[in-house]
Amino acid sequence: MTVTVAWYMVFAAVLFSMGAAGVLLRRNALVMFMSIELMLNSVNLTFVAAGSEMGLIEGQVAALFVMVVAAAEVTVGLAILVAVFRRRSTANVDALSELKG
Amino acid sequence: MTEVILFGLFAAVALAGAVVMLTARNPVYSAMGLLVVMLSMSVFYVMLNAHFVAAVQLLVYAGAVMTLFLFVIMMIGVDTKEDNAETIPFQRWITFVVAGGLAAVIILAGRQAWITGSEAFGTPDLNGTIENVADSLFGNWTIAFLSTVFLLTIAALGTIALALFGPTAVGSAETEEGA
């Protein structure tokens, strides 16, 4: 029995769904950000696994690009979160519903 | 066989970390759970011969991003209790159905178009050293690499702008008006 690429794919799919559940379930904006990071990580694993299966280095290059975009996203997102917190003193997304119709 | 044992062990560890991240009341515990997931991810990268990506995963995610998260958690305050009252009825059950359905759809769709064995491509030995990654990164993907430089610069400028001209200035102006 050897580890095939399908194992990595299934594992990444499960992790991605857990990240999606976290975004839907949690109210703390910080934990929602962490769930998004989890989803990005699982997609990275898919890229690298598929790349190694097909013998293409591009899978790893794509994973590196995803990491760069994730780093930029975290920087801006956490800055927005801190800005919201300084104004409203809460990180709970249910409390930030002023634009709700 | 060792590969199977390693995979099972670290997959279990990563799933446990993800569950901790999802269920922990305290955001610091959530951050620790995510850290465990990221560390086991780098083990998977090493198993897939992606050595450079594994190193970058440790440096960028486990190092920089998690530190940033912990800074913000400490800044916002760890004592703030999360209010778990459901504003949307049956939100928890809807979430479970949606997430489970998502995983099922991804896995089922993957079975239809599964990548079949490396012998179909004939190049199973891929070595993700810095040299090989850099050959591709600075050879074929130079423009994309340069645009990430712009992306990071713009993100850093935006963060600085948010910190300098952020809502405190507006907020204090409002309170002055109110007074």
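Residues numbered from 1 in each chain as written. Chains lettered and ligands numbered in written order. Predicted model: local features only at pLDDT ≥ 70, side-chain atom pairs only at ≥ 80, totals over all residues.

## Considering the overall build of chain B
Across its full length, chain B carries seven helices and zero strands. Along the chain direction, N to C, the helices and strands of chain B fall in the order α-α-α-α-α-α-α. Residue burial in chain B is summarised as follows: out of 179 residues, 22% are buried. In chain B, once contacts between residues fewer than 6 apart in sequence are set aside, the share between residues at least 24 apart is 53%. (Helix = DSSP H or I, 4+ residues; strand = E, 2+ residues; numbered from the N terminus. Buried ≥ 20, exposed ≤ 12 C-beta atoms within 10 Å, placed from the backbone. Contact = placed C-beta atoms within 7 Å.)

## A look at the interface of chain A and chain B
Each side of the interface is counted separately: chain A has 64 residues, and chain B has 70 residues. For the side of chain A that touches chain B, the secondary structure elements donating two or more residues are helix 1 (5-25), helix 2 (29-54) and helix 3 (58-88) of chain A. Of all the elements, helix 3 of chain A adds the most residues to the side of chain A that touches chain B, at 23 residues.

## A closer look at the nonpolar core
If you look at the biggest cluster of nonpolar residues, it comprises 66 residues, and the most contacted ones within it are A:L15, A:L30, A:M34, A:V48 and B:V53. Elements that contribute at least two residues to this core include exactly helix 1, helix 2 and helix 3 of chain A together with helix 1 (2-23), helix 2 (27-47), helix 3 (51-76) and helix 5 (130-139) of chain B. (Core = buried A, V, L, I, M, F, W, Y, C linked by C-beta atoms within 7 Å.)

## Comments concerning the environment of B:M32
Residue and element names in this part refer to chain B. Tracing the sequence through the fold places M32 in helix 2. Accessibility expressed as a C-beta count within 10 Å gives 16 for M32, which makes it partly exposed. For the pair formed by M32 and A62, sequence separation is 30 residues and the distance between their alpha carbons is 10.0 Å.

## Some remarks on helix 1 of chain A
The end-to-end C-alpha distance of helix 1 of chain A is 30 Å, a good match for the 30 Å that 21 residues give at a rise of 1.5 Å each. Taken across its 21 residues, helix 1 of chain A has 15 buried, putting it largely inside the fold. (Expected span 1.5 Å × (residues − 1).)

## Details of unusual backbone geometry
One non-glycine residue, B:N49, lies in positive phi territory at about 65 degrees. As for its position among the elements, B:N49 is in the loop between helix 2 and helix 3.

## Notes on the packing of helix 3 of chain A against helix 6 (residues 142-164) of chain B
Across the interface, helix 3 of chain A lies against helix 6 of chain B with an axial gap of 9 Å and an inter-helix angle of 10 degrees. In terms of orientation, helix 3 of chain A lies roughly parallel with respect to helix 6 of chain B. Between helix 3 of chain A and helix 6 of chain B, the contacting residues are A:F65, A:V68, A:V69, A:A72, A:T75, A:V76, A:A79, A:I80 and A:A83 on the first element and B:A144, B:T148, B:L151, B:L152, B:A155, B:A156, B:G158, B:T159, B:L162 and B:A163 on the second. Taken together, the residues of the contact of helix 3 of chain A with helix 6 of chain B sort by class into 15 nonpolar, four polar and no charged. (Axes fitted to C-alpha atoms, helices over the stretch in contact; angles between N-to-C directions. Parallel < 35°, antiparallel > 145°, perpendicular 65-115°, else oblique. Nonpolar A, V, L, I, M, F, W, Y, C, P; charged D, E, K, R; others polar.)

Without other data, these values stay purely geometric and don't point to any function.
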